[in-house]
Amino acid sequence: MKSNCQNLIQELAHLEIITDPGQVAKLSLDYYHFSPILEAQLQDKRADLVIRPQNSQEVIDIAKTCVKYQIPLTVRGAGTGNYGQCVPLQGGVILDTTKLTKIISIEPGTARVEAGVKMAFFDKQARAIGWELRMAPSTYRTATIGGFIGGGSVGMGSINYGQLKDRGNLQAVQLVTLEAEPKIIELRGDEVEKVNHAYGTNGIITELEIALAPCYPWAEFIVTFADFITAAKFGQALSDSDGIVKKMVSVHSWPIPAYFTALKDYLPTGKAAVLLIVSDSDRVALESLIKEYNGELTYYKTPEETQKGNSILEFTWNHTTLHARSFNPKITYLQAFYFNLATVEKLYNYFGEEIMMHLEFLKFQGKVIPAGLPLLEFTTETRLNEIIAIYEQQGAAIANPHTYIMEDGGSRQINPLQLEFKQLVDPYGLNNPGKMRAWVEARG
Ligand code: FAD
């Protein structure tokens, strides 16, 4: 081990420090391997050690010591990111937040939590007063709230509340800086954009205030259709049905349902499937809509049953890719915004069997649109880029999941706010180095 890391271990001996190489290797990686391109680039990256702070003071001690010895520091929540967001490119310390688990307050509409609180655990407490998270990824059971802010973007609930970056969803953030004398900074309102989805490159988030949604008696449904386009039209019609309260509409073309082995009794061969989370109080209205589109309801889980066991959420969003890859590890994915069904249909017809269509409906600028994670068998990077180009020519937008560089994945734009904030809170560039292109370019 490098001598500066040994010095750090001595100075922080009172903290939980992991140096066992097997454990460090495990805690250095995330789900980057969904991308064959990232797999080749990241599989050997390792931290030197992992530290698990129990409170903000310990976070400050870690930050201060990393700055003193100029050691890179990468924050990790549950490590479920897909783009190597928390993979330490230059070694150093992983700061694991999973012991920062205090729920500080839950009030109607808002809550304050420590960064390592797990999302499903949080919701159990919030539901006791009739509220829940506005949105959550399909990794809801394991992901941390801080990790979702740092590396996530959408999920169950986005059909009502849009993307995480939409104003109001994240209300305030408290973070620790990586300065010689670390400070605690609180950002509120529009200021939170400085760190929202910043891959932990500009400060260590210790606490967050998040907006909540009213909780309904959620039930789960699977509806099947003879063909994908009818399933997609049904998905859009349900998304636009203002009188039916829902929080997830997830559409899958055949053969994707064949990958969902635990649900095989409800997924007839050759049919498209729509997985739904809808308020049980709107079941009759939902059944009328299903009839109108000639769908067949094959699965229903009551709100009481929904509170127990696994949710169909774990077959949607990027869990769809997970199930497909367990059948065929060559399968990879893209992240697409289609904006309308005409674009979905064009691309579905254009690519035929090369792309397996998987849609998720979400709110975008006040309208519910089809987005999704289309699946494909990886052949070459050139073909992958051609597919991205064709998607974009046809009017879809792609958030490329095959890069660990923050700006190259989603917006493809440098965010001057986040760069400026990094210069302030991480002047030595120690925080998750190599992930923010703007910083790398600014420093030459
Ligand atoms: P991590 O992976 O540990 O961290 C993510 C990023 O945030 C890293 O850059 C890390 O450095 C940073 N970070 C973590 N904690 C902090 C902190 N306290 N301060 C500063 N930075 C921090 N994403 C979605 O948006 N929607 C989905 O539906 C979805 N489904 C998924 C399904 C599967 C099967 C998988 C593997 C991934 C999925 N993801 C999805 C991606 C990922 O699960 C989510 O982004 C998740 O919210 C990440 O949480 P985490 O605690 O695992 O964060």
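Cut-offs used in this document
- Residues numbered from 1 in each chain as written.
- Predicted model: local features only at pLDDT ≥ 70, side-chain atom pairs only at ≥ 80, totals over all residues.
- Heavy atoms only, no water.
- UniProt positions renumbered as here; feature names shortened; annotations may be inferred.
- Helix = DSSP H or I, 4+ residues; strand = E, 2+ residues; numbered from the N terminus.
- Phe/Tyr/Trp six-rings, centres within 6.5 Å; stacked < 30°, edge-to-face > 60°.
- Buried < 20%, exposed > 50% of the residue type's maximum accessible area, 1.4 Å probe, protein only.
- 1 Å grid on protein atoms, 1.4 Å probe; cavity = no way out; pocket = protein on both sides within 12 Å on 5 of 7 lines; lining within 4 Å.
- Points joined across faces, edges and corners; volume = space filled by probe spheres on them.
- Near = heavy atom within 4 Å.
- Polar contact = N/O pair within 3.5 Å; in protein donor to acceptor, adjacent residues only side chain to side chain.
- Areas by Shrake-Rupley, 256 points an atom, 1.4 Å probe, with all protein chains shown as cover.
- Salt bridge = Lys/Arg side-chain N within 4 Å of Asp/Glu carboxyl O.

### A look at the UniProt feature "domain: FAD-binding PCMH-type" (unreviewed entry) in the chain
- The residues that UniProt annotates with the feature "domain: FAD-binding PCMH-type" (unreviewed entry) are residues 43-215.
- With 20% helix and 28% strand, the stretch residues 43-215 has end C-alpha atoms that lie 40 Å from each other.

### Describing the packing of aromatic side chains
- All chains considered together, the criterion is met by 17 aromatic pairs.
- The interplanar angle of 90 degrees and the centroid separation of 6.1 Å between the aromatic rings of Phe 34 and Tyr 333 together place this pair among those described as edge-to-face. With Phe 34 in the loop between helix H2 (21-28) and helix H3 (36-42) and Tyr 333 in strand E15 (residues 331-333), this residue pair connects regions lying 299 residues apart in the sequence.
- Given a relative accessible area of 0%, Tyr 333 falls into the buried group.

### Observations regarding the layout of surface pockets
- Put simply, the second largest pocket is a space of about 400 Å³.
- What lines the second largest pocket is a set of 20 residues, among which Arg 127, Tyr 140, Thr 306, Gln 307 and Ser 311 lie closest to the centre.
- Those elements that place two or more of their residues in the lining of the second largest pocket are helix H5 (119-127) and strand E11 (218-225).
- Element by element, the count of residues in the lining of the second largest pocket is highest for H5, at five residues.

### A few points about the site of the ligand
- The full set close to the ligand counts 35 residues, and Val 75, Gly 77, Thr 80, Thr 144 and Val 154 are the nearest of them.
- At 2.6 Å from an oxygen atom of the ligand is found a main-chain nitrogen or oxygen belonging to Gly 77.
- In this structure, an oxygen atom belonging to the ligand sits 2.9 Å away from a main-chain N or O atom of Gly 81.
- Taking 970 Å² as the accessible area of the ligand by itself, protein coverage stands at 97%.
- Residue assignment for the shell around the ligand shows that the elements contributing at least two residues are strand E3 (73-76), helix H6 (145-151), strand E10 (204-214) and helix H11 (317-327).

### Looking at the pattern of salt bridges
- Taken as a whole, this structure holds 25 salt bridges when the rule is applied.
- The salt bridge partner of Arg 383 is Glu 386, with a shortest N-O separation of 2.9 Å. In this pair, Arg 383 and Glu 386 both sit in helix H13 (residues 381-393), three residues apart, roughly one turn of the helix.
- Taken together, the salt bridges that share partners define one network made up of Arg 112, Glu 186, Arg 188, Glu 207 and Glu 209.

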